[in-house]
Every structure is written in structure tokens, then in C-alpha cells.
Amino acid sequence: MESKYHYFKRDISWLSFNYRVLLEADDDSLPLFERINFISIYSSNLEEFYKIRVAEHKAIASGGQSDDMTQEEARCLIHQITEVVNNQMEDRIRIYERKIIPALRQHHIIFYQSKQEVELFHQEFISNFFKEEIFPYLQPVPVCKNRIKTFLRDNRLYLSVRVTRRDTGEKEYYIIKLPYSKVPRFIELPRQGENFYLMYMEDIIKANINRMFPGYELDCSYCCKISRDADIFVDDAASSEVMVEQLKKKVKKRKIGAVCRFVYDRKMPDDYLEFLVDAFNINRDELVPGDKHLNLEDLSHLPNPNKELYAQLKPCPMKLNCLDEKESIFRYVNKKDLLLHFPYHSFEHFIHFLYEAVHDPSCREIMITQYRVAENSVVINTLIAAAQNGKKVTVFVELKARFDEENNLATAEMMKRAGIHIIFSIPGLKVHAKVALVLRYNKEGKQTRSYAYISTGNFNEKTARIYADSGLFTSNETIVNDLHTLFRVLQKEVTEPKFKRLLVARFNLLPELRRRIGQEINMAKAGKEARIILKMNALQDPSMINELYKASEAGVQIDLIVRGICCLIPNQPYSKNIRITRIVDSFLEHARVWYFHNGGKPLLFMGSPDWMRRNLYRRIEAVTPILDEDLKQQLIDMLTIQLKDNRKAGWVDENLNNVLKREPEAEPVRSQYAFYEYLKEKNELKFPDAKCCKFVSD
């Protein structure tokens, strides 16, 4: 019997989110370079989407095995993705060409888009710059099927050129790789009066391309690029040692994966495109028309020569006054749980927590998970210092963290050399929990007051400045013991763990979530207030969506704050009490926080998992209840502020449209900045000697 419930397709929902990112570039109220950065983020997101998701679907469409879809379903989905992306590209081109470029000009930044735009006073500079700085690195390679094999590297920009021999009139094709590592993508030209000038590297090449082909007439030239399958499959049943060796080999081959996208200048003539498709054995399903300038993720590096044109002013991470240089985090957490919110609070507090463990004589052992860490990580260096100071340090390293495999391997080997005990990936599972544990013992060897840290984000000081996450410090004995049990599971010392407070995916998380939703359903059926607020990055698991559909049908009021994928369809008979809010602003919303009204005695949870099938069934995830009443209220206030956002929040409707909340008469609420002010006020009110935390330019 067919279910009455329906769901959005995961990938189409993700494209809706990425389009919401693009809409930030269309917002005239934002600083110009902030809008330019959102085009970069949109483009970078799309690149990764093709390398992973679309590449996977193409493999299935070509006959690969899948439990999730048939070969025909994969083909239909690829077609749908192509249609959506092509429509979005029209908007991206409109925003970039009709809004961003003219806006730069209004601010005296002239961004030459072609040779024809170049003023006379710059032509000699462009000619000399090409000859001296670019030409030595260019190597035209003839394109000739069956005679010359040319390999196009992943995500590298190429200029394809068609020329005509003067003596025979014969047309020839060449491909030129742009020298990314040698020459900047954006070239600053000499200033003239109050105007600044910029030009793409490829446009300078085009303006001088005749120099490269003596004896030929230039016919035309267009940019193109290849995206290759970047997913890495390793034998999940293999031992850690085998998995490490597999990853080392396969990471090196990532750049030569199967083609999943061929992006080309949409103005390229049909016969030209046909020649390239044939020469490079491109499947027509892999064709994605782009703009004249590709790889716009590079716009994040666009120079800003006009120093009067400021970037977005963002909150400077504040330090809590209760944790000044004289105050021990251990001593504070002995008395009261502590909740940090990044990037509003400084990540240095977590580093300080580790430093205390390094120098505390009672601290004998530190345990932590590593999913994604910064390069040259302060966290890793501090753990190494702990090991060198005689502490037993155990780090669980998730090797299968996509695009971080090499960094994780390198840091793991460095830590191993320093004497840190490394546990690698568990066969068949990913460990996505973001947890740390400090175990302390007295002189008799008996465990004394110890500390647990459970977070929604990675131990990465760089992303902690741009990802909005929350982390809880607690010395609650039950939670500390639960976390110790979890690490014993990771070390394969325990196979059937019992957790009393911590919720751990694949053990007690799902039953507890169903129980909490069921409790709200019972409340609604009894005519009492029933309310659920779920904040997360993604909601995709059909079984949990069904639980929310049932709750809505029972009358439970449900607010979802979901940044990315959301497969639940609102505004249906079975979802009329569910609203979906999406927030896209200066920081990436990354926290997972769940609220259940619980008959007026709210329950709050926070942790690492989204409600995706992979998180709930195939990963180790950790979620903690919030027990301190003040901290509960802090999270409730955060959720309330986000639901009131009428500047950067929007609803997702039944057609996956991003319906922005534009209420001209309402008091403006921009939740990320409002929450920062909320936290700053709490810091200053509670500790009157607090220094004002000013906004700084990012």
C-alpha cells in the first residue's frame, strides 16, 4: 500500500539551499564584497555537489549498483538536476553581470570583462604583463582525437582555442591550461585618477593570443573545465592498517576520477562544442553551460583596491569574563555547566581547557575525537604537549572525513610519533561525534572530578570563526561516565554499552527521539500545549520525517530550523502544523539543538547529528541533554531569536521556494547579530567589569 506521506528529493532540496546562498549576492543591502563572496560560496558548493552527489548518480545511471535508486531513476534525477542548475545559472549570470560588475564600477573599480573594454592607457601594460608574467608558463596543446591524448585535470581552468592556418585555411584546435600557481587569477592594473582596474588572467591571455600562434588567424577562444568524481571508496570491512593504505593510494587518484561535469562558455558555437565533446569523449549528459568566466569560487580572492569599500563588519569573538586569565575552567565547571556559542564566543576557551589538562597534576588522561581539524592545528599541538607532559592521550581519527583524509592522515602520523594513542576508523561506520574527555585521578588512583565536552562542531579553530556552533562543558558524573563508555566502545573494549544520559546514534538515540515526539503527540491529543523546535543542518530520514508528520496530524506545533537539505514537505494536509525556516547569513549555521515542550518542563538536547539516514544509522554521534536551567533558557532564547529573524531567514514552501521574510513594518531582527548582542549583554550584566567587545572587519 502506497504511503500517504511524500518527501522532497534530497539533491533537489540541496539545490534549493544553494540557491538561497546565491540570493545573498542579490541583496543590495549587503556590502558589495560580501555579495561577491556569496557567489564564490555558491560556486564552490556546486563544484563539490557535482564531484560527489552527481558523480554517484552518474555511476548508477551507467549500471552501478545501488540500494536507493534504479538506473532509470538515476537518469531522471540527473536530468532534473541539470534543469535546476541551468535555471540557477541564468540567475547567477544576471546577478554577476547586471548587478555586481556595475556596482563595482559605481565604486570606482573597473573590472574589464573583455579586450574591447580595455582603455588605451592600459593596452601597453596588458601587453607587457602577458609577455613577461604569463607567456612563459603557457603551453598550447593540440587537440586531435585518435592522434593526441590530452588529459584535463579536475577543476582546472582551460582556454580552448580555434585557429585557422593562413597557408591552407585548415582549422586547428588547441587547449591551454591556465597557470594558476604562477599567476594570480585577478590582475590589478595601474590606477587612473579615482578609478581602480582589474582584469581576469584569461582575458589578458585572450587579448594577446595572436602572439602564441604565428602563421595562424585566431577564430575564437572559450574557457572550459572538467569536474571529476572525488568520492573515495574504501573497504569498510578492512582493518585500520589496510584502510590507511587504501586511502593513501586513492586520495592521490582523486584528481583523475571519472568525468562528472564538463562546463563550458555557453556562447561556444555548436560545432565547436561538438568537436570538444568528441575529442575528450564527453558524455552529453555531462555538459553544463556556464558563463564566459568559470570557476567563480575564485572570487573569494578578488582584490579590493578601494580601501574605502569595506567588507561586512562581523562580531569579534568575545571572551567570557567569568573565564578571565586567572579563572580556571575546571574550577568554574566544578560549580556550574558552561555553554559556549561559536563564533560569538572565542574558541580560545576550548584551547585553554586543554592547556589546563596539560598542566593539571591530577589529569592523567585526555580523550578526543578528530573529524576535521585545521592545518597546523593548535588543538593537535596542545594534545602533543599533553603527551610529552606524561598524560595518556587517546585520539579517535576518522579517516573517512571527505576532503580531509590527507590532513587527518598527516596529523595522525604526527601525533603517533609524539606518543599519542591513535584509534582509526571503525569498519562500516563513521565517527562523527565531537567530544572530548579529561579524566582526573587522586594519588590513590581513584577517579576524581573529571570533565566532558560535547559539541555540535569540530575541534577546528579556523572554522570556529565562521561556523555557528555550540559546545557544553560539564563535570556531571553521569555524563562523564557515559562519555568514557563511548570512548571504550571506540576502543572496542565494550560492545553492548549502557548510556544513562548521553544519547548515542546506533544505541539509544532513535528510541529516545521517538519517545519524545510521542510524548508531544500525547499532550496534543489531551488538548494540552505541544511544541517541538528542531534546529539542524539537514533532515532527510523518511522514518523520522514520518514521526513529525504524525505529530503534525495530532496537532503538535513544529518549527524546523534547517539550513540545508530538508526532505519534509510543508503545507500538506499531514504537515499543516510544520514550518521550515532557513537562515543564511554571515556565518554558517551548523548547530544541532532540539527542543521539546514536555508539558511545560522543556527538554533541550544538543550534539553532532543531523536527521539524515547516514547520521542516525551509519555513524557514531553524540547528543547531550542540557540539565542546567539557565543554559536551557539560553538555548530557548537562541531558537526564539532565530524564529523571529525577518532579515536573513526565510520559509521553505511546498515547492522548495525560498520565501524570504520581508516585513517592512516589523522591527528588524537579524538573528546572528541579535544573538551576539544578547550574549554580550549577558556577559556584561553578569560581570559588570566586562570590556566592550567591538565589531571588527573580517
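Residues numbered from 1 in each chain as written. Predicted model: local features only at pLDDT ≥ 70, side-chain atom pairs only at ≥ 80, totals over all residues. Heavy atoms only, no water.

### A word on the overall build of the protein chain
- Tallying secondary structure elements over the protein chain gives 17 helices and 30 strands in all.
- Oriented by its inertia axes, the alpha-carbon framework of the protein chain measures out at about 90 × 60 × 55 Å.
- By residue count, 59% of the 698 residues in the protein chain fall in the buried class.
- A sequence separation of at least 24 residues applies to 74% of the contacts in the protein chain between residues at least 6 apart.
- Just so you have it, the protein chain exposes about 30800 Å², and 48% of that area is on carbon and sulfur atoms.
- Averaging the coordinates of the 104 positive side-chain charges in the protein chain and doing the same for the 97 negative ones gives two points 3 Å apart. (Helix = DSSP H or I, 4+ residues; strand = E, 2+ residues; numbered from the N terminus. Buried < 20%, exposed > 50% of the residue type's maximum accessible area, 1.4 Å probe, protein only. Contact = heavy atoms within 4.5 Å. Areas by Shrake-Rupley, 256 points an atom, 1.4 Å probe, with all protein chains shown as cover. Lys, Arg positive; Asp, Glu negative; His and termini not counted. Charge placed at Lys NZ, Arg CZ, Asp CG, Glu CD.)

### Things to note about helix α13 (residues 509-525)
- The end-to-end C-alpha distance of α13 is 25 Å, a good match for the 24 Å that 17 residues give at a rise of 1.5 Å each.
- Those residues of α13 not exposed but buried are L509, L510, E512, L513, R516, I517, E520, I521, M523 and A524.
- At the C-terminal side of α13, G527 shows a positive phi close to 80°. (Expected span 1.5 Å × (residues − 1).)

### Let's talk about the packing of aromatic side chains
- Under the counting rule described, the total for this entry stands at 38 aromatic pairs.
- Between F111 and Y200 the ring centres are 4.9 Å apart and the planes differ by 15°, which places this aromatic pair in the stacked class. On the criterion of sequence distance, the pair formed by F111 in strand β1 (residues 109-112) and Y200 in strand β6 (residues 195-200) is long-range, its members being 89 residues apart. There is no split in this pair, since F111 and Y200 are both buried.
- A ring pair is formed by Y174 and F213, whose centres lie 5.0 Å apart and whose planes are at 55°; its orientation type is tilted. Placement of the pair is Y174 in strand β4 (residues 171-177) and F213 in the loop between α5 (201-207) and β7 (216-228), with a sequence separation of 39 residues. In terms of burial, Y174 and F213 fall into one category: buried.
- An aromatic cluster is built from F330, F342, F347, F350, F353, Y451, Y453, F459 and F473, whose rings are joined through pairwise contacts.
- The ring centre of Y50 lies 4.5 Å from the NZ or CZ of R261, which sits over that ring. (Phe/Tyr/Trp six-rings, centres within 6.5 Å; stacked < 30°, edge-to-face > 60°. Lys NZ or Arg CZ within 6 Å of the ring centre and 35° of its normal.)

### Some words on the packing of α13 against helix α14 (residues 542-554)
- Remark: α13 packs on α14, axes separated minimally by 9 Å, with the N-to-C direction vectors making an angle of 10°. Taken together, α13 and α14 sit at an angle that is classed as roughly parallel. Residues L510, L513, R514, I517, I521, A524 and K525 of α13 form the contact with α14, whose participating residues are S543, M544, E547, L548, K550, A551 and A554. (Axes fitted to C-alpha atoms, helices over the stretch in contact; angles between N-to-C directions. Parallel < 35°, antiparallel > 145°, perpendicular 65-115°, else oblique.)

### Regarding the environment of N577
- Mapping N577 onto the fold places it in the loop between β21 (557-562) and β22 (578-583).
- Overall, N577 belongs to the buried group, its relative accessible area being 14%.
- The sequence separation of N577 and L309 amounts to 268 residues, and the corresponding C-alpha distance is 45 Å.
- For N577, the residues in contact, after removing those within four places along its chain, are S552, G555, V556, Q557 and I558.
- There is a polar contact of 2.8 Å between the side chain of N577 and the backbone oxygen of S552.
- At 3.1 Å, the side chain of N577 and the side chain of Q557 are in polar contact. (Polar contact = N/O pair within 3.5 Å; in protein donor to acceptor, adjacent residues only side chain to side chain.)

### Considerations on the side chain of H57
- Topologically, H57 is positioned in helix α2 (residues 32-61).
- Judged by relative accessible area, H57 falls into the buried class, the value being 1%.
- Side-chain polar atoms of H57 contact the side chain of D11, separated by 2.7 Å.

### Things to note about helix α7 (residues 270-279)
- Within the sequence span of α7, burial applies to Y272, L273, L276, V277 and A279.
- On the buried face of α7, the contacting elements are β3 (158-165), β4, β7, β8 (259-265) and β9 (287-290).
- A positive phi of about 55° marks N281, the residue just after α7.

### Points about the sheet that holds β4
- Pairing is mixed in the open sheet, where six strands are placed in the order β2-β4-β3-β7-β8-β9. Because the sheet does not close on itself, it has two edges, and the strands there are β2 (141-142) and β9.
- Two elements, β3 and β7, share eight bridges in a ladder whose sense is antiparallel. Bridging across to β7, S160 finds its partner in Y222. (Pairing = 2+ DSSP bridges.)

### Thoughts on the sheet that holds strand β27 (residues 622-625)
- Strand order in this open sheet of nine strands is β19-β27-β25-β24-β20-β21-β22-β28-β29, and the pairing throughout is mixed. Two strands close off the open sheet at either side, each with one partner strand: β19 (503-504) and β29 (658-660).
- As paired elements, strand β20 (residues 531-536) and β21 share six bridges and run parallel to each other. By the bridge assignment, K535 is partnered in β21 with I561.
- Contacts from α13 reach β19, β20, β24 (592-596), β25 (603-607) and β27, with the element oriented near 40° to β24.
- The strands that α14 touches are β20, β21 and β22; relative to β21, the one it contacts most, it runs at about 145°.

### Description of the environment of A551
- When you line up the elements, A551 lands in helix α14.
- With relative accessibility at 0%, the residue A551 sits in the buried group.
- Taking the C-alpha atoms as reference points, A551 and F473, 78 residues apart in sequence, are found 33 Å from one another.
- Here A551 is in contact with I517, I521, V556 and I558, once residues within four sequence places are set aside.

### With respect to the environment of G390
- With respect to the element layout, G390 can be found in the loop between α10 (378-388) and β13 (392-397).
- Given a relative accessible area of 63%, G390 falls into the exposed group.
- C-alpha separation for the pair G390 and V358, spaced 32 residues apart in sequence, amounts to 8.7 Å.

### A short note on the nonpolar core
- The biggest cluster of nonpolar side chains holds 121 residues, and the ones touching the most others in it are L548, L560, L568, W594 and W611.
- Looking at this core element by element, the count peaks at 13 residues for α2.
- Counting 44 residues, the second largest nonpolar core, distinct from the first, contains I329, L338, F350 and M415. (Core = buried A, V, L, I, M, F, W, Y, C linked by side-chain atoms within 4.5 Å.)

### Points about unusual backbone geometry
- Cis geometry is found at the peptide bond from F342 to P343, where omega equals 5°.
- One non-glycine residue, N295, lies in the positive phi region at around 55°.
- Summarising the element assignment, N295 is placed in the loop between β9 and β10 (313-315).

### Some words on the pattern of salt bridges
- Scanning the entire structure with this criterion turns up 43 salt bridges.
- E47 is paired through a salt bridge with R261; the nearest N and O atoms lie 2.5 Å apart. A residue pair is termed long-range when its members are at least 10 positions apart, and E47 in helix α2 and R261 in strand β8 qualify at 214 residues.
- Look at R261 and you get buried, because its relative accessible area is 6%.
- Ionic pairing is found between E512 and R516, a salt bridge with its closest N-O pair at 2.9 Å. Of this pair, E512 and R516 both sit in helix α13, four residues apart, which is roughly one turn of that helix. (Salt bridge = Lys/Arg side-chain N within 4 Å of Asp/Glu carboxyl O.)

### As for the confidence of the model for the protein chain
- Taken as a whole, the protein chain shows an average pLDDT of 90; of its residues, 93% reach a score of 70 or greater.
- Low pLDDT (under 50) marks residues 687-698, which in the prediction has 32 contacts with non-local residues, meaning those over four places away or in another chain. (pLDDT = per-residue confidence, 0-100.)

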